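# Report on the structure
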Amino acid sequence: MKSFRDKRRDNRPHPSAKGAADVSRPRPGQAPARSEAPPRERHEAKTESRSEPNSAPRILARREGALPTEHLPMILEVAPNADYALLDSGTGQKLEQYGPYRIVRPEGQAIWQKALPAKEWERADAVFTGDTDEEGIGRWRFPKLPLGETWPMKHDGIDYLGRFTSFRHVGVFPEQASHWDHMAGLIAAAKRPVKVLNLFGYTGLASLVAARAGAEVTHVDASKKAIGWARENQEMAGLGSKPIRWIVDDAVKFAEREERRGSRYDIILFDPPAYGRGPKGEVWQLFEDLPELTDLCRAILTPKPLAVVLTAYSIRASFFAIHALMRDTFAGMGGKIESGELIIREKSAGRALSTSLFSRWVAE
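The notes below deal with the structure included here. (Residues numbered from 1 in each chain as written. Predicted model: local features only at pLDDT ≥ 70, side-chain atom pairs only at ≥ 80, totals over all residues. Heavy atoms only, no water.)

### Considerations on the nonpolar core
Selection rule: Buried Ala, Val, Leu, Ile, Met, Phe, Trp, Tyr and Cys residues form a nonpolar core when they are joined through side-chain atoms within 4.5 Å. For every residue, the accessible area (1.4 Å probe, protein chains only) is compared with the maximum for its type, and the residue is labelled buried under 20%, exposed over 50%, or partly exposed between those bounds. Secondary structure elements are taken from DSSP: a helix is a run of H or I of four residues or more, a strand is a run of E of two residues or more, and numbering for both begins at the N terminus. It only takes one pair of heavy atoms within 4.5 Å for two residues to be counted as in contact.
In this structure, Y98, I103, W151, M183, I187, V196 and I267 are the most contacted members of the largest nonpolar core, which totals 45 residues. At six residues, helix α3 (residues 205–212) tops the list of elements feeding residues into this core. Every residue in contact with Y98, bar those within four places of it in the chain, is listed here: D83, Y84, I103, R105, W151, M153, V170, V172 and P174.

Written out as structure tokens, the structure is:
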């Protein structure tokens, strides 16, 4: 089963694509307001009710007030470490170390030549082969020994499961570690209760980092499988007692309901795909729907928010586009907008592999 995250780089429709506005990661799930949820229930995956009538289109208007200050370009870099390393890249592929396994996967942006000799690449434990189009089902080949579907991984002391999916992803996007570290620092520095909303949460690493740092987390994704995987990760990390609500729902629908219910968050992460479908067939197109979701994110912030982080993968645009959107949306709120790219630093030749664009508003 494919989550929207598995399809995050897709550009064509697919019946089970990951949820865009939470489109294909688990989204259906309505959780009761936190004040109403019994302690035992609030950690369970919920499915939001779809009985309410379709909401009218959101009316967007340019906001008054001074624009936030800006910091750009900002390049957030992940270097090789004991848990993950980009060993080498080139000719449309990347060689990575995920815990105990050396893995080869396609990488369209690696248009240079490989730095390591062929014998180093041939030592791979798993190679993604077959149909490498994001729209098609691919296969994994295991040159040495057959491997199980999952294996234990670790990020900064948090245990989780890696998994060989049919869409070449393995359950974590290590370049996001820069955002996770930044978020954990904000939570710790706040010295007060912090509520985090993670839209398009996928397999939950960001949610686990936030919960470990002391936040109360709401994790939304449209894929039941992704939510199940995320809850496995929570138990594996020994964070089962942490306050995380796991919700299967469409991200935009969920954010709309939160606005009506008066639910508010101090930090919001949203990581939508370029294209996606939600659990009820909701269609998400990044450039058409992102302004509305960004506006919704502002609307459901607490009076003293900390940050809003937007990440955009595999889109044909400059980060200046989402930078301008975020700066306009947060006009009048002060703070600053930091925008740029997430990169992974290669171990072999020190080259930087760009993985995504980002823009984040941070209170000052």
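The rest of the description comes next.
### Description of the packing of aromatic side chains
The geometry of two aromatic rings is summed up by the distance between their centres and the angle between their planes. Formally: Each Phe, Tyr or Trp ring (for Trp, its six-membered ring) is paired with any other whose centre lies within 6.5 Å, and the angle between the two planes then decides the class: stacked below 30 degrees, edge-to-face above 60, tilted in between. The rule is short: NZ of Lys or CZ of Arg within 6 Å of the ring centre and within 35 degrees of the ring normal puts a charge over the ring.
What the rule picks out here adds up to 12 aromatic pairs. With centroids separated by 5.4 Å and ring planes inclined at 10 degrees, the aromatic side chains of F330 and W361 adopt a geometry described as stacked. Taken together, the residues span a long stretch of sequence, with F330 in the loop between α7 (319–329) and β17 (336–345) and W361 in strand β18 (residues 352–362) at a distance of 31 residues. As far as burial versus exposure is concerned, F330 and W361 are alike and both buried. Joined through ring pairs, the aromatic side chains of Y101, F128, W140, F142, W151 and F164 make up one cluster. The aromatic ring of W121 is capped on one face by K114, whose charged end is 4.0 Å from the ring centroid. Here the guanidinium or amino end of R163 rests over the ring plane of W229, the centre of that ring lying 4.5 Å away.

### Let's talk about the pairing of strand β13 (residues 267–270)
Filter applied, for reference: At least two bridges found by DSSP between two strands is the condition for calling them paired.
Taking every second residue as pointing to the same face, both faces of β13 are buried, with I267 and L269 on one and I268 and F270 on the other. Note: strand β10 (residues 195–199) against β13, four bridges, orientation parallel. The partner of N198 across the bridge, within β13, is L269. The sheet contact formed by β13 and strand β16 (residues 307–313) spans four bridges and is parallel. Looking at β16, one finds that I268 is bridged to V308.

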